[in-house]
Amino acid sequence: MVDVFAAGAATLAEASMEMPSIEDFLPPEILFEGTPFAINRIIFVRILATIIMLLVLGITAARVKLIPGRWQSAVEWVIDFVKNDIVYQVMGEVRGKRYVPMITTVFLTLLVFNLCGEIPGMNIAASATITLPLVFAMWCFVQYWIAGIREKGLGHFLRDELFPKGVPWPIYILLSPIQLLELLVIRPFSLTIRLFANMVSGHLILALCLSATQYFLIDVVNKAMMPFGVVTFAAGLFMYLFEVLVACLQAYIFAILTTAYINMSYPEID
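Okay, so let's go over this structure. Just so you know, these numbers come straight off a predicted model, no measurement behind them. All residue numbers refer to positions counted from 1 along the written sequence of the respective chain. It should be noted that, the model being predicted, local features are given only for residues of pLDDT at least 70 and side-chain atom pairs only at 80 or more, the latter also being counted only at that level, while totals for whole chains, interfaces and linings use all residues. In computing side-chain properties, one takes all heavy atoms of the structure into account and sets aside hydrogens as well as water.

**Notes on the overall build of the chain**
We count it as follows: Secondary structure elements follow DSSP: runs of H or I of four or more residues count as helices, runs of E of two or more count as strands, with numbering from the N terminus. The contact rule is simple, with two residues in contact once any of their heavy atoms fall within 4.5 Å. Using a 1.4 Å probe, the Shrake-Rupley method yields the accessible areas, and only the shown protein chains count as cover for residues.
Looking only at helices and strands, the chain features eight helices and two strands. The secondary structure elements of the chain, listed N-terminal to C-terminal, are α-β-β-α-α-α-α-α-α-α. In the chain, 69% of the contacts between residues at least 6 apart in sequence involve partners at least 24 apart. Carbon and sulfur atoms make up 72% of the accessible area of the chain, which amounts to about 15,900 Å² in all.

What follows is the structure, encoded as structure tokens:
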């Protein structure tokens, strides 16, 4: 066994496998290169996923029946899940009705975009660059501000955000700038990074496992190292299934945090 590891270490030293990097998530432009309308593979996947999602939902809505079939029931179950288990669960039905379309759009879009990374041929999550999570995070906090200003007025909204009740006045000197920073930067940034980092890191680990599998089973010179390819393949299969779970979970977390943040802008009910 020691000889095997020694031989393997020597082999890796002589011809190390090519490691996937973050650059693999920034593919070159494939259409309209050098123009403001340039499209790389991630943007192409986003466009394709959006078209498929709109077609599926549109066709389902056009063929809706009073007694739903299996497909219609599945689509309705997803929408009811968002409405009842996310929006109404956090905000209540009275407040939540206004935000059901928005949160449903956020959840379904991120779910489909995240799962693109697990579909052969696409091989990359449409949310694997920071721009898309940032856009959805900014949408969340625009709605947060709109709801707060509509319900309280701008002055009362800023007062409640920057000067929380029950805090001694001298503490506001330190607390208020922190509250402003949290309102403008920290919350949107944390919402963005949570989704982006999870999708990139998981897919990077999966790519690493599959690269190691190819190296150990195909490219390696010392055949004694081939059993390690079986281990890395098993790890890659596990990571693939785990990534499917993470893709669904991150869409849910983003949707429920968006709902919670918007709900925080409403006045408390005594």
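**Quick word on the packing of aromatic side chains**
The test is simple: Here a pair means two rings of Phe, Tyr or Trp (six-membered ring of Trp) with centres within 6.5 Å. Their orientation is stacked below 30 degrees between planes, edge-to-face above 60, and tilted elsewhere. Categorising residues by exposure relies on relative accessible area from a 1.4 Å probe, with only protein chains included: less than 20% of the type maximum marks a residue as buried, more than 50% marks it as exposed, and the intermediate range marks it as partly exposed.
Going through the model one piece at a time under the given rule, you end up with 14 aromatic pairs. Considering the side-chain rings of Phe81 and Tyr252, the 6.0 Å spacing of their centres and the 35° angle between planes classify their relative orientation as tilted. Taken as a pair, Phe81 in helix H3 (residues 70-96) and Tyr252 in helix H8 (residues 227-264) lie far apart in primary sequence, 171 residues in all. The interplanar angle of 65° and the centroid separation of 5.2 Å between the aromatic rings of Trp145 and Phe157 together place this pair among those described as edge-to-face. Note that Trp145 is positioned in helix H5 (residues 131-152) and Phe157 in helix H6 (residues 154-162), a separation of 12 residues in sequence. Residue class for Trp145 comes out partly exposed when judged on its relative accessible area of 22%. Take Phe157: its relative accessible area is 0%, and that puts it in the buried class.

**Overview of H5**
Quick reminder of the rule: Any helix carries an expected span of 1.5 Å times its number of residues minus one.
Between the first and last C-alpha of H5 there are 31 Å, a value that for 22 residues agrees with the 32 Å anticipated at 1.5 Å per step. Buried within H5 we find Leu132, Pro133, Phe136, Ala137, Cys140, Phe141, Gln143, Tyr144, Ala147, Gly148 and Lys152. Buried residues along H5 sit against helix H2 (41-62), helix H4 (100-115), H6, helix H7 (172-219) and H8. Taken from the residues just after H5, Gly153 is the one with a positive phi, measuring 90°.

**What to know about a nonpolar patch on the surface**
Heads up, the rule is: Patches were defined on residues exceeding 30% relative accessible area and lacking a salt bridge, with like-charge contacts within 9 Å and nonpolar side-chain contacts (Val, Leu, Ile, Met, Phe, Trp, Tyr) within 5 Å. Whenever a carboxyl oxygen of Asp or Glu lies within 4 Å of a side-chain nitrogen of Lys or Arg, that contact is scored as a salt bridge.
Taken together, the side chains of Leu31, Phe32, Phe37, Phe44, Leu48, Ile52, Val56 and Trp71 make up a nonpolar region of the molecular surface, amounting to roughly 810 Å² of accessible area. With four residues, H2 is the single largest residue contributor to the nonpolar patch. Tracing the backbone through its elements, the reader meets Leu48 in helix H2. With a relative accessible area of 31%, Leu48 lands in the partly exposed category.

**What about the side chain of Ser265?**
To keep it simple, the criterion reads: Distance and chemistry together define a polar contact, namely a pair of N or O atoms within 3.5 Å, with one atom able to donate a hydrogen and the other to accept it when in protein, and with adjacent residues in sequence counting only for side-chain atoms on both sides.
Note that Ser265 resides in the segment after H8. A residue is classified by how much of its surface remains accessible, and Ser265, at 0% relative accessible area, is buried. At 3.4 Å, the side chain of Ser265 forms a polar contact with the backbone oxygen of Tyr144. In this structure the side chain of Ser265 is engaged in a polar contact, spanning 2.6 Å, whose partner is the backbone oxygen of Ile262. When near neighbours in sequence (up to four residues on either side) are disregarded, Ser265 contacts Tyr144, Ala147, Gly148, Lys152 and Phe157.

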